[in-house]
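What follows is the residue order along each chain.
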Amino acid sequence: MTELYIKNMVCARCILVVESELVKLGFHPLKVDLGYAQIQEDSLDEQKSALLSARLQELGFELLDDSRMRLIEKMKNIVIRRIHHTEELNTKVNWSALVADEMHQDYSSLSSLFSSVEGITFEQYVIRQKIEKAKELLFYDELNLSEISYRLGYSSVQHLSSQFKRITGQTPSEFRFSRASGAARKPIDLVG
């Protein structure tokens with residue numbers, strides 16, 4: 001059995017695409033999740049590894065070799081899973097405790113690693129992901145600002161609005177009205 005760590009897997013479709021590619025290349029996937037795949041094969045020879053890496057790269061993914069990059073990708077996937085793939089966040093989410101618990105490592109060393117490689121703090125990354133989710137919810141115009149604020153775990157609409165303005169340069173209302181003119185949203189894997 002071999003574990004693979006794959007960068008830029010951010011949604012259920014990514015999981016399906018990677019699993020499909022593994023099968024096409026003759027591998028036997030046992031488990032595929034955000035940023036991770038486990039295959040039945042005990043090892044990858046250099047040729048198969050290069051082929052898999054090239055094919056994943058063509059699809060916008062990246063096979064990770066570096067253990068530091070694997071840790072960062074795991075941290076990002078925890079955030080993405082919680083923000084983009086759950087119905088609502090708890091306002092009391094302690095991101096540092098959550099990441100430390102899920103990764104079974106000391107948060108301060110994970111945070112330092114994240115900052116040194118990504119160029120932003122882990123907390124800034126979380127905020128940017130929450131703002132990107134807010135942009136998505138505003139774009140579809142199904143929820144009001146109070147509902148979006150609650151869903152994303154903000155203590156108040158004002159807190160969401162101030163972070164939104166700081167990150168995007170627009171208020172949530174301005175963004176909602178500008179969407180008709182092509183207000184830019186970012187793919188989840190490019191937020192950061």
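Keep in mind the model is a prediction, meaning the values are calculated, not measured.

**What to know about helix 8 (residues 157-168)**
Next up, step 1: Along its twelve residues, helix 8 runs 16 Å from first to last C-alpha, staying within 8% of the 16 Å computed at 1.5 Å per residue.
Next up, step 2: Within helix 8, burial applies to Leu 160, Ser 161, Gln 163 and Phe 164.
Next up, step 3: In this fold, the buried residues of helix 8 make contact with helix 6 (122-140), helix 7 (145-151) and helix 9 (172-178).
Next up, step 4: One or two positions beyond helix 8, positive phi appears at Gly 169, with a value near 85 degrees.

**Digging into the UniProt feature "domain: HTH araC/xylS-type" (unreviewed entry) in the protein chain**
Next up, step 1: Taking the numbering used here, the UniProt-annotated feature "domain: HTH araC/xylS-type" (unreviewed entry) corresponds to residues 99-178.
Next up, step 2: The span residues 99-178 is 78% helix and 0% strand, and its two end C-alpha atoms sit 35 Å from each other.

**Some remarks on the pairing of strand 2 (residues 29-33)**
Consecutive residues of a regular strand have side chains that alternate between opposite faces of the sheet.
Next up, step 1: Taken together, the four bridges between strand 2 and strand 3 (residues 36-39) define a ladder with antiparallel strand orientation. Residue Val 32 lies in a different strand from strand 3, and its bridge partner there is Ala 37.
Next up, step 2: What sits between the antiparallel neighbours strand 2 and strand 3 is a turn of two residues, in which Gly 35 has the positive phi angle 75 degrees.

**Re the domain arrangement of the protein chain**
Frequently, the measure chosen for interface size is the accessible area removed from exposure when the parts meet.
Next up, step 1: For the protein chain, the domain assignment lists domain 1 (2-65) and domain 2 (69-179).
Next up, step 2: The C-alpha centroid of domain 2 is placed 27 Å from the C-alpha centroid of domain 1.
Next up, step 3: Each partner contributes residues to the interface: domain 1 has twelve residues there, and domain 2 has eight residues.
Next up, step 4: Overall, the association of domain 1 and domain 2 removes approximately 920 Å² of surface from exposure, summing both partners, and the carbon and sulfur fraction of that is 56%.
Next up, step 5: Interface area lost by domain 1 to domain 2 is led by Tyr 5, Leu 34 and Leu 64, which between them contribute 52%.
Next up, step 6: Joining domain 1 to domain 2, the criterion identifies one salt bridge.

**Looking at unusual backbone geometry**
Next up, step 1: A positive phi angle, near 80 degrees, is found at Asn 8, a position not held by glycine.
Next up, step 2: Here Asn 8 is to be found in the loop between strand 1 (2-7) and helix 1 (12-24).
Next up, step 3: For Asn 8, a relative accessible area of 19% translates into the label buried.
Next up, step 4: One non-glycine residue with positive phi stands out, namely His 104, at about 55 degrees.
Next up, step 5: Following the sequence through the fold, His 104 ends up in the loop between helix 4 (95-103) and helix 5 (107-118).

The rules behind each value
- Note that residues are indexed from 1 along each chain, following the sequence as it is written.
- Since the coordinates come from a predicted model, pLDDT governs what is reported: local features require at least 70, and pairs of side-chain atoms require 80 or more to be given and counted, while whole-chain, interface and lining totals use all residues.
- Based on all heavy atoms of the structure, the side-chain values leave hydrogens and waters out of the count.
- For helices the rule is a DSSP run of H or I covering at least 4 residues; for strands it is a run of E covering at least 2, with both sets numbered from the N terminus onward.
- A helix is expected to span 1.5 Å multiplied by its residue count minus one.
- Throughout, exposure labels follow a simple rule: accessible area from a 1.4 Å probe, protein chains only, divided by the maximum for the residue type, with under 20% read as buried, over 50% as exposed, and the rest as partly exposed.
- Whether two residues are in contact is decided by their heavy atoms, any of which lying within 4.5 Å being enough.
- UniProt positions are given in the numbering used here, feature names are shortened, and annotations may be inferred rather than shown by experiment.
- When DSSP finds two or more bridges between two strands, those strands count as paired.
- For the domains described, the bounds stem from an automatic or database domain assignment.
- Buried area counts how much accessible surface, traced with a 1.4 Å probe, disappears from two parts once they are put together, with both parts' losses summed.
- We count a salt bridge whenever a side-chain nitrogen from Lys or Arg sits within 4 Å of a carboxyl oxygen from Asp or Glu.

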